[in-house]
Amino acid sequence: NAGVTQTPKFRVLKTGQSMTLLCAQDMNHEYMYWYRQDPGMGLRLIHYSVGEGTTAKGEVPDGYNVSRLKKQNFLLGLESAAPSQTSVYFCASSSPSSEAFFGQGTRLTVV
Amino acid sequence: GDSVTQMEGPVTLSEEAFLTINCTYTATGYPSLFWYVQYPGEGLQLLLKATKADDKGSNKGFEATYRKETTSFHLEKGSVQVSDSAVYFCALKSGSGAGSYQLTFGKGTKLSVIP
């Protein structure tokens, strides 16, 4: 019973490098989300998707891109990492009638 | 837009003490309300929820009542344990409109319970 799985769990990047975070869910949920968690800021929505092939901007989308080519996967990309993107990233999924289910998080450090 | 305000932490309690974490919200329509818990090094887990006014959500000894008149959803537990040490997030999901699938979170309250 995997639920929501994020890879990788930890990553260190140099400023200017790019990377992709992968989120996979096995609950057949329509909606998927990427959040970042920073001390004292709670969780802030980066991008979200309401279905395969659709994405939309959240509260803090700048510097990130996303894709949802398959219903079960939601990718978060950083094209040119900056130290301000050092954070813990959480993926979540839900259906219209359910609560959100979260992955274990990815701790990203940009040096 | 929607917003959630919860009491600032950190909160430190002795084992078996009574816990209250305040949460108030601003939203259009009739939102669903949630409390999530995050244990150290883990993701968020749903603790309890309420979907309409006067509903009481409960789980693991925690309770919260959806109060529409005061726009509040305060979390309570009568006797906390060391294992309850975690960060608690209040959240809402708008009941209607284009953003009805999005969760809005408070900033979290860190609870530490000492033996």
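Remember, it's a predicted structure, so these values are computed and weren't measured experimentally. (Residues numbered from 1 in each chain as written. Chains lettered and ligands numbered in written order. Predicted model: local features only at pLDDT ≥ 70, side-chain atom pairs only at ≥ 80, totals over all residues. Heavy atoms only, no water.)

Novice: Just to check I follow, could you spell out the pattern of salt bridges for this structure?
Specialist: Following the criterion strictly, the structure yields 6 salt bridges over all chains and no others. Where R36(A) meets D38(A), a salt bridge forms, and the shortest distance between an N and an O atom there is 2.8 Å. Pair check on accessibility: R36(A) and D38(A) agree, each one buried. As a salt-bridge pair, K56(B) and E63(B) come within 3.6 Å of each other at their nearest N and O atoms. Through salt bridges with shared partners, one network takes in R36(A), D38(A) and R44(A). (Salt bridge = Lys/Arg side-chain N within 4 Å of Asp/Glu carboxyl O. Buried < 20%, exposed > 50% of the residue type's maximum accessible area, 1.4 Å probe, protein only.)

Novice: I'm lost on the layout of surface pockets in this one. Help?
Specialist: Picture a little ball the size of a water molecule; that probe, rolled over the atoms, points out where space is still empty. Size it by volume and the largest pocket reaches roughly 720 Å³. Taken together, 32 residues form the lining of the largest pocket, with Q37(A), V88(A), R107(A), Q38(B) and V87(B) sitting closest to its centre. Space inside the second largest pocket adds up to approximately 430 Å³. Where the lining of the second largest pocket is concerned, the elements lending two or more residues are β5 (42-51) of chain A together with β1 (3-6) and β11 (103-105) of chain B. Examining the composition of the lining of the second largest pocket, we find that 5 residues originate from one element, β5(A), more than from any other. When grouped by side-chain class, the residues that make up the lining of the second largest pocket number 9 nonpolar, 9 polar and 6 charged. (1 Å grid on protein atoms, 1.4 Å probe; cavity = no way out; pocket = protein on both sides within 12 Å on 5 of 7 lines; lining within 4 Å. Points joined across faces, edges and corners; volume = space filled by probe spheres on them. Helix = DSSP H or I, 4+ residues; strand = E, 2+ residues; numbered from the N terminus. Nonpolar A, V, L, I, M, F, W, Y, C, P; charged D, E, K, R; others polar.)

Novice: It is not clear to me how the sheet that holds strand β1 (residues 4-7) of chain A should be interpreted in this structure. Could you clarify?
Specialist: Through backbone hydrogen bonds, the strands of a sheet pair up, either in parallel or in antiparallel fashion. All names here are of chain A. Reading across the sheet, the 4 strands line up as β1-β3-β8-β7 and stay open at both edges, with antiparallel pairing between neighbours. Each of the sheet's edge strands pairs with one partner strand only, and the pair in question is β1 and β7 (65-67). Between one strand axis and the next, the sheet turns by 20° as a mean value, whatever way the strands run. (Pairing = 2+ DSSP bridges. Axes fitted to C-alpha atoms, helices over the stretch in contact; angles between N-to-C directions.)

Novice: Even after reading the chapter, I still don't get the interface of chain B and chain A, so can you show me in this structure?
Specialist: Interface size is commonly expressed as the accessible area that is lost once the parts come together. Taken together, the 17 residues of chain B in the interface contact 20 residues of chain A. Across the interface of chain B and chain A, roughly 1500 Å² is buried in total on both sides, 55% from carbon and sulfur atoms. By the criterion of area lost to chain A, the three top residues of chain B are L44(B), Y101(B) and F105(B), representing 35% of everything that side buries. Two residues, E99(A) and K49(B), come together in a salt bridge whose shortest N-O distance is 3.5 Å. (Contact = heavy atoms within 4.5 Å. Buried area = accessible area lost by both parts, 1.4 Å probe.)

Novice: I'm lost on the confidence of the model for chain A in this one. Help?
Specialist: For residues with low pLDDT, the predicted coordinates do not support detailed interpretation. In the predicted model, chain A carries a mean pLDDT of 94, and the fraction of residues at 70 or more is 99%. Of all secondary-structure elements in chain A, the lowest mean pLDDT belongs to β5(A), at 92, while strand β8 (residues 73-78) of chain A reaches the highest, 98. (pLDDT = per-residue confidence, 0-100.)

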